Amino acid sequence: MVTSTAATDVPTRRRIVARPAAWLVWGAVIFFFLNLLGVVGSVLVSSFGRRWFDTWLPDGYTTRWYGEAWTEFALFQVIKVTLEVSLLVVGLSLLIGVPAAYVLARRNFPGKRAIYLVFLLPILMPPITYGIPLATVLYKFGFAGHLSGVVLANLVPSVPFVILTMTPFIEQIDPRIESAARMCGAGMRSVFLHVLAPLLLPGMLASAILVLVRTVGMFELTFLTAGPDSQTLVVALYYSMSAAGIRAQQSVDAMAVMYTAMMLVLLVVALRYVNPTQLVARVKEEPEP
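- The protein has the name ABC transporter permease in an unreviewed UniProt entry, where Micromonospora azadirachtae is given as its organism.
- In its Sequence similarities (unreviewed entry) section, the UniProt entry covering the protein states "Belongs to the binding-protein-dependent transport system permease family."

So this is what it looks like as structure tokens:
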């Protein structure tokens, strides 16, 4: 007797089963991303549109708004200042934060937990809460309104960020490597430059990229301490939107697109070279029996 196997060859359909709470969560996530996509998409389309009044799409498309934004807002000088501030903050943060992270990772002393808490405060607190008194002090001593004041203000959250990022990297290095180098006659400077620095290079690169992203996107501290010649791109974008006078909205949108593109490039680079789990994991080697 021959039986038909056609029914068994038909693949079974899998039904997606989820709880109502899960559907609500996924619906909220999708709704959020659709709104975000709509906002970003409208700015992007507007930056290329000739005119856009009471229609679904602009009447035509052009790229001249980007050229006008570049000259009208002096974006070359603004981007130059942004790069100067970011590179200075990154360099000084590493110069101060890496040795401090080494001391916290290798030494035990009274009040160590309290120091960790102090370092966490500028990261956890909104920048505006300590930015106003910080800006008052910087204006009193003549730093605010210049490039130096912007750099000093951005160092307040950046140095603790480097310390908290580098401490797990230093804790993963076996202290016996340093002891062996000292037994061979190497001084502290030689140990740090020739032994620790190559091992800490991934962590230093991760800290540098994350501080760079944070500094470029920092608005509050830069806004409170910047002068006419020390505005970064995010502050210049705010002034272009709120300044009095008649200007084409498309040119402001073009400037916003350039700022968003810069931040996306920095974030892609950060995710390319930085593993987020390394920033929170404190992996230590098991002691030998």
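## Observations regarding the environment of Glu171
Inference 1: Mapped onto the fold, Glu171 is located in helix α7 (residues 147-171).
Inference 2: The exposure class assigned to Glu171 is buried, which follows from its relative accessible area of 16%.
Inference 3: Expressed as a C-alpha distance, the spacing of Glu171 and Ala105, which sit 66 residues apart in the sequence, is 5.8 Å.

## Describing unusual backbone geometry
Inference 1: For Ala74, which is not glycine, the phi dihedral falls at a positive 50 degrees.
Inference 2: Here Ala74 shows up in the loop between α3 (64-72) and α4 (75-106).

## What to know about the pattern of salt bridges
When charged atoms on two side chains of opposite charge get close, those side chains can pair.
Inference 1: Inspection of the entire model under this criterion finds two salt bridges.
Inference 2: The salt bridge partner of Glu68 is Arg64, with a shortest N-O separation of 2.6 Å. With Glu68 and Arg64 both in helix α3, this residue pair falls four residues apart, about one helical turn.
Inference 3: Glu68 sits in the partly exposed class, given a relative accessible area of 31%.
Inference 4: Judged by relative accessible area, which is 42%, Arg64 ranks as partly exposed.
Inference 5: A salt bridge links Arg176 to Asp174; the nearest nitrogen and oxygen atoms lie 2.5 Å apart.
Inference 6: According to the relative accessible area criterion, Asp174 is buried, its value standing at 16%.

## Quick word on the packing of α4 against α7
Inference 1: The interhelical angle for the contact between α4 and α7, taken along N-to-C directions, is 40 degrees, at an axis separation of 6 Å. Looking at the two axes, α4 sits oblique to α7. The crossing of α4 and α7 is right-handed.
Inference 2: Taken together, the residues of the contact of α4 with α7 sort by class into 22 nonpolar, five polar and three charged.

## Examining the packing of helix α5 (residues 112-124) against α7
Inference 1: Where α5 meets α7, the closest approach of the two axes is 8 Å, and the angle between their N-to-C directions is 125 degrees. Considering their axes alone, α5 and α7 lie oblique with respect to each other. Along this stretch, α5 crosses α7, giving a crossing that reads as left-handed. Residues Tyr116, Phe119, Leu120, Pro122 and Ile123 of α5 touch α7, and the partners they reach there are Val156, Pro157, Pro160, Phe161, Ile163, Leu164 and Thr167.
Inference 2: Of the residues in the contact of α5 with α7, the class split is eleven nonpolar, one polar and no charged.

Criteria and thresholds
- Residues numbered from 1 in each chain as written.
- Predicted model: local features only at pLDDT ≥ 70, side-chain atom pairs only at ≥ 80, totals over all residues.
- Heavy atoms only, no water.
- UniProt positions renumbered as here; feature names shortened; annotations may be inferred.
- Helix = DSSP H or I, 4+ residues; strand = E, 2+ residues; numbered from the N terminus.
- Buried < 20%, exposed > 50% of the residue type's maximum accessible area, 1.4 Å probe, protein only.
- Salt bridge = Lys/Arg side-chain N within 4 Å of Asp/Glu carboxyl O.
- Axes fitted to C-alpha atoms, helices over the stretch in contact; angles between N-to-C directions.
- Parallel < 35°, antiparallel > 145°, perpendicular 65-115°, else oblique.
- Left-handed = near helix turned anticlockwise from the far one by under 90°.
- Nonpolar A, V, L, I, M, F, W, Y, C, P; charged D, E, K, R; others polar.
- Contact = heavy atoms within 4.5 Å.

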